[in-house]
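A structural walkthrough
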Amino acid sequence: MKRLILMRHAKTEPWAEGIDDFSRALTERGKEDAKRMAEELVATGWSPERILVSTARRARETCSEVAKIVEGEKVRPMENLYLTGVRGLTEAICHNDGAGTLMVIGHNPGLHDFAMEILREAGSQDHQESVRLIEKFPTSCCALFESEQDGAFLPVHFKLTQILRAKDLREADASL
């Protein structure tokens, strides 16, 4: 594996009494943001070959919107990605690192913690991108990591290359 994309699920309906967290659906903006993020990934040459996705509804719906844009991906739903932490994400990636570009669609705080752990071990190609990652990891955010070596996943080899945020893309689209 040479590239890793960590994506937080898109914007969801708010939690309310009587709504199970696992079953929360995407909002219309969430669907649009997931689609727009996939378009940006394709435009920058970061199409995933394999997608690992939490089985929570909001993650599956995010993946569905991404899969409409990204061609050739193999989706693998994984129950253990629901609200997992650094260790669970590491294990999932290590068991699925045969793709050149692997994408993981999951949840915070684990996804942000995991991205920060990789950043601490390998650093980044751009200091400003590091600062953006440290600030927050909002819905539909993608952290793109790249290794100079093609092989098994070792966090120390994966430098942060870019942070993509749906809000930034919406603002750029609005200014056109």
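Not measured: the values here are computed from a predicted model. Think of each chain on its own: its residues are numbered from 1, step by step along the sequence as written. Only residues with pLDDT of 70 or above have their local features reported here, since the model is predicted, and side-chain atom pairs are shown and tallied only from 80 upward, although totals for entire chains, interfaces and linings are computed over all residues. By convention in this description, side-chain values take in all heavy atoms of the structure and omit both hydrogens and water.

Remarks on the environment of Asp-33
Put simply, the test is: In this text, helices come from DSSP runs of H or I with a minimum length of four residues, and strands from runs of E with a minimum of two, each type numbered from the N-terminal end. When checking whether two residues touch, look at their non-hydrogen atoms; a contact exists if any pair is within 4.5 Å.
Relative to the helices and strands, Asp-33 is located in helix H1 (residues 28-43). Between the alpha carbons of Asp-33 and Thr-62 there is a distance of 8.9 Å; along the sequence they are 29 residues apart. Once residues within four sequence positions are removed from consideration, Asp-33 is found in contact with Ser-140, Ala-166 and Arg-170.

Observations regarding the sheet that holds strand E4 (residues 101-106)
What counts is decided by this rule: Strands are treated as partners if at least two bridges between them are detected by DSSP. Helix axes are fitted to C-alpha atoms over the stretch in contact, other axes to C-alpha atoms as well, and angles between N-to-C directions run from 0 to 180 degrees.
Here six strands make up an open sheet; going across it, the order is E3-E2-E4-E1-E5-E6 and the pairing mixed. Two strands lie at the open edges of the sheet, namely strand E3 (74-78) and strand E6 (158-164), each paired on one side alone. Across this sheet, the average inter-strand angle for adjacent strands is 20°, counted without regard to direction. Relative to E6, strand E5 (residues 142-147) runs antiparallel, the two sharing six bridges. Following the sheet pairing, Leu-144 is matched in E6 by Gln-162.

Things to note about the packing of helix H4 (residues 110-122) against helix H5 (residues 127-135)
Going by this rule: Roughly parallel means an angle under 35 degrees; roughly antiparallel means over 145; roughly perpendicular covers 65 to 115; every other angle is labelled oblique. Whether a crossing is left-handed or right-handed is set by the direction in which the near helix is turned from the far one by less than a right angle, anticlockwise for left-handed and clockwise for right-handed. Each residue is assigned to one class: nonpolar for Ala, Val, Leu, Ile, Met, Phe, Trp, Tyr, Cys and Pro, charged for Asp, Glu, Lys and Arg, and polar for all the others, Gly among them.
In the contact formed by H4 and H5, the axes pass within 10 Å of each other and the chain directions differ by 150°. Accordingly, the angle class assigned to the pair H4 and H5 is roughly antiparallel. Along this stretch, H4 crosses H5, giving a crossing that reads as left-handed. On the side of H4, the interface is formed by His-112, Ala-115, Met-116 and Leu-119, while H5 contributes Ser-130, Leu-133 and Ile-134. Taken together, the residues of the contact of H4 with H5 sort by class into five nonpolar, two polar and no charged.

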